[in-house]
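Understanding the architecture of this molecule
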Amino acid sequence: MNPLDNAVAQLENAAKKLGLKPSVLRSLKKPKRVLKKKISITLDNGKKKIYQAYRVQHNNWRGPFKGGIRFHPLANIDEVKALALWMTIKTAVANIPVGGGKGGIQVNPKELSKSELEKLSRAWAKAMHKYIGPRVDVPAPDVYTTPEIMSWMNDEHMKLTGQKNKGTFTGKPLDKGGSKGRDVATAQGGFYILQDLVKTYKLKKPSIAIQGFGNAGMTMAQLCYKAGYKVVAVTDSKGGVLNTRGLNIDKVVKYKEANG
């Protein structure tokens, strides 16, 4: 089952339990708009390369479309559609007055130089700029996209629209109009849920393994370690480290920052 089939199956199951009207279910099953664009950049070696870019605007009944942009070699339209649907549900459950959307580019950003990454980020913003804006669709960072990438995209959007509005993209650096706490928000939310589960089910502090050691995974590991949990394993795309007695996360972070 691909991510989209999984998301729709979850939606159908929830609809039965909630007694959702068939017309509402039909509307929620399909995104309002699907944007697929071929974007081209000139690499540092002078050659041009074309990338597949996406933006799925799933639902805006509650407010502007909202959702991240991921740069990943396996990004595909079904995944982006599924994530956009889930975003619609997440924002509704959290009672936030926005809808659901998602975007991406099929690329391995680790293979690009900083200048190539900037070109690609600006190319995405250029391809999608007519369909996004603070009252229309507000993209955010996601897998392998950073505050700097959001800053480049927002800058390109302002140039193309002629509007000096810093509210089109979230997740920017603070000096570019970003919000305090945004960098740790994803992991912080997960940590709050972990704490609540431990308390609710009266669990002894569990041993923890974390898959992914970027912004979200690293922050989660730090929060858990600081709170006294035993973090026994962490991994990233290149490998992992295991110690059943518990890792010193501060040292692991320093090692990764120094050595990759």
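First things first, this report covers the structure right here in the doc. Every chain begins its residue count from 1, and numbering advances along the sequence as written. Given that this is a predicted model, residues contribute local features only at a pLDDT of at least 70 and side-chain atom pairs are listed and counted only at 80 or more, while totals for whole chains, interfaces and linings are drawn from all residues. Derived side-chain values reflect all non-hydrogen atoms in the structure, with water molecules and hydrogen atoms excluded from consideration.

1. Some words on the sheet that holds strand β6 (residues 207-211)
As a reminder, the rule being used: At least two bridges found by DSSP between two strands are what make those strands a pair. The numbering of helices and of strands both runs from the N terminus, where a helix is a DSSP run of H or I of at least 4 residues and a strand a run of E of at least 2. What counts as an axis is a line fitted to C-alpha atoms, over the stretch in contact for a helix, and the angles between N-to-C directions run from 0 to 180 degrees.
On the basis of which strands lie adjacent, the open sheet formed by three strands has the order β6-β7-β8 and mixed pairing. At either margin of the open sheet sits one strand with a lone partner, and together these are β6 and β8 (239-242). When strand polarity is set aside, the average angle formed by the axes of neighbouring strands in this sheet is 10°. As paired strands, β6 and strand β7 (residues 230-236) are joined by five bridges and run parallel to one another.

2. With respect to the sheet that holds strand β1 (residues 33-42)
The strands that make up a sheet pair up through hydrogen bonds in the backbone, lying either parallel or antiparallel. Stated formally: Any pair of residues with heavy atoms lying within 4.5 Å of one another is described as a contacting pair.
A sheet is described by the order of its strands in space; here five strands give the open sequence β1-β2-β4-β3-β5, paired in mixed fashion. Of all strands in the sheet, those bounded by a partner on one side alone are β1 and β5 (137-141). When strand polarity is set aside, the average angle formed by the axes of neighbouring strands in this sheet is 20°. Contacts between helix α4 (residues 114-128) and the sheet are confined to β1, β2 (48-59), β3 (65-72), β4 (100-106) and β5, with β1 contributing the most and set at about 145° to the helix.

3. Some points on a nonpolar patch on the surface
Where we set the bar: Two joining distances apply to patches: 9 Å for like charges and 5 Å for nonpolar side chains (Val, Leu, Ile, Met, Phe, Trp, Tyr), and every residue must have over 30% relative accessible area and no salt bridge. Each accessible area value is a Shrake-Rupley result obtained with a 1.4 Å probe; residue values ignore everything except the protein chains displayed when judging cover. A carboxyl oxygen of Asp or Glu within 4 Å of a side-chain nitrogen of Lys or Arg is what we treat as a salt bridge. Relative accessibility under 20% of the residue-type maximum defines a buried residue, over 50% an exposed one, and the middle range a partly exposed one, all with a 1.4 Å probe and only protein chains included.
A cluster of nonpolar side chains, I193, L197, Y201 and L203, forms an exposed patch at the surface whose accessible area comes to about 430 Å². Along the chain, the position of Y201 falls in the loop between α6 (185-200) and β6. Exposure remark for Y201: the relative accessible area of 57% places this residue in the exposed category.

4. Concerning the packing of helix α7 (residues 215-226) against helix α8 (residues 249-259)
Stated formally: Any angle that is under 35 degrees is reported as roughly parallel, and any over 145 degrees as roughly antiparallel; angles of 65 to 115 degrees are reported as roughly perpendicular and all others as oblique. All amino acids are sorted into three groups, where Ala, Val, Leu, Ile, Met, Phe, Trp, Tyr, Cys and Pro are nonpolar, Asp, Glu, Lys and Arg are charged, and the leftover types, Gly among them, are polar.
Following both chains from N to C, one finds α7 and α8 inclined at 155°, their axes separated by 9 Å at the closest point. With respect to α8, the element α7 is oriented roughly antiparallel. Contacts between α7 and α8 pair M218, A221, Q222 and Y225 from the former with I249, D250, V253 and K256 from the latter. Looking at the contact of α7 with α8 residue by residue, the classes come out as five nonpolar, one polar and two charged.

5. Regarding the pattern of salt bridges
Throughout the structure, instances matching the rule amount to eleven salt bridges. Where R122 meets D155, a salt bridge forms, and the shortest distance between an N and an O atom there is 2.9 Å. Taken together, the residues span a long stretch of sequence, with R122 in helix α4 and D155 in helix α5 (residues 147-161) at a distance of 33 residues. Shared partners join several salt bridges into a network, and the residues in it are E118, R122, D155, E156 and K159.

6. Let's talk about the environment of L160
Positionally, L160 belongs in helix α5. Sequence-wise, L160 and D236 are 76 residues apart; in three dimensions their C-alpha atoms are separated by 37 Å. Once residues within four sequence positions are removed from consideration, L160 is found in contact with A125, K126 and H129.

7. So, the side chain of K66
Applicable threshold: Counted as positive: Lys and Arg. Counted as negative: Asp and Glu. His and the chain ends are not counted at all. Definition of a polar contact: a pair of N or O atoms within 3.5 Å, with one able to donate and the other able to accept a hydrogen when the atoms are protein atoms, and with sequence-neighbouring residues admitted only if both atoms are side-chain atoms.
Position of K66 among the secondary structure elements: in strand β3. In this structure K66 is buried but unpaired, with D137 as the nearest side chain of opposite charge at 7.4 Å. A polar contact is formed between the side chain of K66 and the side chain of T170, at a distance of 3.2 Å. Ignoring any residue separated from it by four or fewer positions in sequence, one finds K66 in contact with R55, M87, V98, G99, G100, G101, D137, V138, P139, A140 and T170.

8. Notes on the pairing of β8
Where β7 and β8 come together, four bridges link them in antiparallel fashion. By the bridge assignment, T235 is partnered in β8 with G240. Connecting the antiparallel pair β7 and β8 is a turn made up of two residues.

9. Points about the nonpolar core
Here is the rule: In plain words, nonpolar cores are sets of buried Ala, Val, Leu, Ile, Met, Phe, Trp, Tyr and Cys residues tied together by side-chain atoms within 4.5 Å.
Counting residues in each nonpolar core, the largest one holds 23 residues, and the members touching the most others are I39, Y51, F71, I105, L120, W124 and M153. Counting residues per element, the ones that place at least two in this core are β1, β2, β3, α4 and α5. Considering each element in turn, this core owes the most residues, six residues, to α4. Setting aside its immediate chain neighbours within four residues, W124 contacts I39, A53, Y54, R55, I69, G104, I105, I132, P139, M153 and F169. If you look at the next biggest cluster of nonpolar residues, it comprises 19 residues, including F213, M220, L223 and V252.

10. Let's talk about the packing of aromatic side chains
We count it as follows: Classification of ring pairs rests on two measures: the distance between centres of Phe, Tyr or Trp rings, Trp counted by its six-membered ring, which must be within 6.5 Å, and the angle between planes, read as stacked under 30 degrees, edge-to-face over 60 and tilted in between. The rule for a charge over a ring is simple: NZ of Lys or CZ of Arg within 6 Å of the ring centre, and within 35 degrees of the ring normal.
Summed over the entire model, instances satisfying the criterion amount to two aromatic pairs. Judged by centre distance (6.3 Å) and plane angle (90°), the rings of F191 and Y229 are edge-to-face. Here F191 is found in helix α6, whereas its partner Y229 is found in the loop between α7 and β7, with 38 residues between them in sequence. The class of F191 is buried, set by a relative accessible area of 6%. Looking at K205, its charged tip hangs above the ring of Y229, at a distance of 5.2 Å from the centre.

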